[in-house]
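Chain residues, written in single-letter form:
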Amino acid sequence: NLGFRGLTTSQVRAGQAEAAARFAPDLVGVVCGGNDLLLPGFSPAVLERELDLLVSGLATPGTTLFVYALANVAAAVPELRGGPLEEGVAALNAVTRKVAARHGAIIVEMYDHPAVGDRGLYSADLVHASARGHAVIAAATLRALAAGFSTGSD
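Presented here is an overview of the structure given in this document. In this text, all values refer to a predicted model and were calculated from it rather than measured experimentally. (Residues numbered from 1 in each chain as written. Predicted model: local features only at pLDDT ≥ 70, side-chain atom pairs only at ≥ 80, totals over all residues. Heavy atoms only, no water.)

Describing the overall build of the chain
Stage number 1. Counting its regular elements, the chain contains five helices and three strands.
Stage number 2. Along the chain direction, N to C, the helices and strands of the chain fall in the order α-β-α-α-β-α-β-α.
Stage number 3. Here the C-alpha atoms of the chain give a radius of gyration of 15 Å, agreeing with the 15 Å that 2.2 N^0.38 yields for 154 residues.
Stage number 4. Seen through its C-alpha atoms, the chain measures out along the principal axes to roughly 45 × 35 × 25 Å.
Stage number 5. Classification of the 154 residues of the chain by burial places 39% in the buried group.
Stage number 6. Expressed as a percentage of contacts within the chain between residues at least 6 apart in sequence, the contacts between residues at least 24 apart total 71%.
Stage number 7. For the chain, the exposed area adds up to about 8,200 Å²; of that, 60% sits on carbon and sulfur atoms.
Stage number 8. Where the 11 positive side-chain charges of the chain centre and where its 14 negative ones centre are 2 Å apart. (Helix = DSSP H or I, 4+ residues; strand = E, 2+ residues; numbered from the N terminus. Rg over C-alpha atoms; globule rule 2.2 N^0.38 Å. Buried < 20%, exposed > 50% of the residue type's maximum accessible area, 1.4 Å probe, protein only. Contact = heavy atoms within 4.5 Å. Areas by Shrake-Rupley, 256 points an atom, 1.4 Å probe, with all protein chains shown as cover. Lys, Arg positive; Asp, Glu negative; His and termini not counted. Charge placed at Lys NZ, Arg CZ, Asp CG, Glu CD.)

As for the sheet that holds strand β3 (residues 106-109)
Stage number 1. The three strands lie next to each other as β1-β2-β3, forming an open sheet whose pairing is parallel. Edge strands, defined here as strands with exactly one partner in the open sheet, are β1 (27-30) and β3. Averaged over neighbouring strand pairs, the angle between their axes works out to 25° when direction is ignored.
Stage number 2. As judged from the four bridges shared by β1 and strand β2 (residues 64-69), these two strands associate in the parallel manner. Within the sheet, the bridge partner assigned to Val 28 lies in β2 and is Leu 65.
Stage number 3. This element, helix α3 (residues 44-58), spans β1 and β2 of the sheet and lies at about 170° to β1.
Stage number 4. Packed on one face of the sheet, helix α4 (residues 84-103) meets β2 and β3 and runs near 165° to β2. (Pairing = 2+ DSSP bridges. Axes fitted to C-alpha atoms, helices over the stretch in contact; angles between N-to-C directions.)

A closer look at the pattern of salt bridges
Stage number 1. Tallied over the entire structure, the rule returns seven salt bridges.
Stage number 2. A salt bridge links Arg 97 to Glu 109; its shortest N-O distance comes to 2.8 Å. A residue pair is termed long-range when its members are at least 10 positions apart, and Arg 97 in helix α4 and Glu 109 in strand β3 qualify at twelve residues.
Stage number 3. You can call Arg 97 partly exposed: its relative accessible area is 28%.
Stage number 4. For Asp 118, the salt bridge is made with Arg 132, and the minimal N-O distance between the two is 2.2 Å. A residue pair is termed long-range when its members are at least 10 positions apart, and Asp 118 in the loop between β3 and α5 (131-150) and Arg 132 in helix α5 qualify at 14 residues.
Stage number 5. Judged by its relative accessible area of 31%, Asp 118 is partly exposed.
Stage number 6. For Arg 132, a relative accessible area of 46% puts it in the partly exposed group. (Salt bridge = Lys/Arg side-chain N within 4 Å of Asp/Glu carboxyl O.)

A short note on the packing of aromatic side chains
Stage number 1. Scanning the model with the defined rule gives one aromatic pair in all.
Stage number 2. Geometrically, the ring pair formed by Phe 66 and Tyr 68 is edge-to-face, given 5.8 Å between the ring centres and 70° between the ring planes. Tyr 68 carries the same exposure label as Phe 66, and that label is buried. (Phe/Tyr/Trp six-rings, centres within 6.5 Å; stacked < 30°, edge-to-face > 60°.)

Some words on the packing of α3 against α4
Stage number 1. Viewed as axis vectors pointing N to C, α3 and α4 meet at an angle of 35°, and their least axial separation amounts to 9 Å. Considering the relative orientation of α3 and α4, their crossing is right-handed. Residue-level inspection shows Pro 44, Leu 47, Glu 48, Leu 51, Asp 52, Val 55 and Ser 56 of α3 in contact with α4, the latter providing Ala 91, Leu 92, Val 95, Thr 96, Lys 98, Val 99, Arg 102 and His 103.
Stage number 2. Split by residue class, the contact of α3 with α4 holds eight nonpolar, three polar and four charged. (Left-handed = near helix turned anticlockwise from the far one by under 90°. Nonpolar A, V, L, I, M, F, W, Y, C, P; charged D, E, K, R; others polar.)

Encoded structure:
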């Protein structure tokens, strides 16, 4: 696990992608974009360019790559509904889905997951998952990977 909290997509690409690729992994999970979204001047176009560069460096033959469409926390926190965070997460996820399709990555869809409206899935900061949230994400990841393997996507 090379992940660190708080990094933007460009920082992940610059500081972690090459090391990850050197492992020649069979399976790579990418969770990026949330920190980009929280910065002033968030640009979906810049995110797409950076995420595309990151994913293209990891999407090698023999590697199953999966990415996440982030959860819609506004479903659990009514005060956030219809606001910039909900709109931003939707934009981020649109970029993530586009890049995933371009590179044949499996998408773990958390945005409209049936449990996304449960406030207990989120930590106090409403940015990260709680322990229960991580369990839901892990189960969704396994389902997405199983579906990807059963359809021959990898």
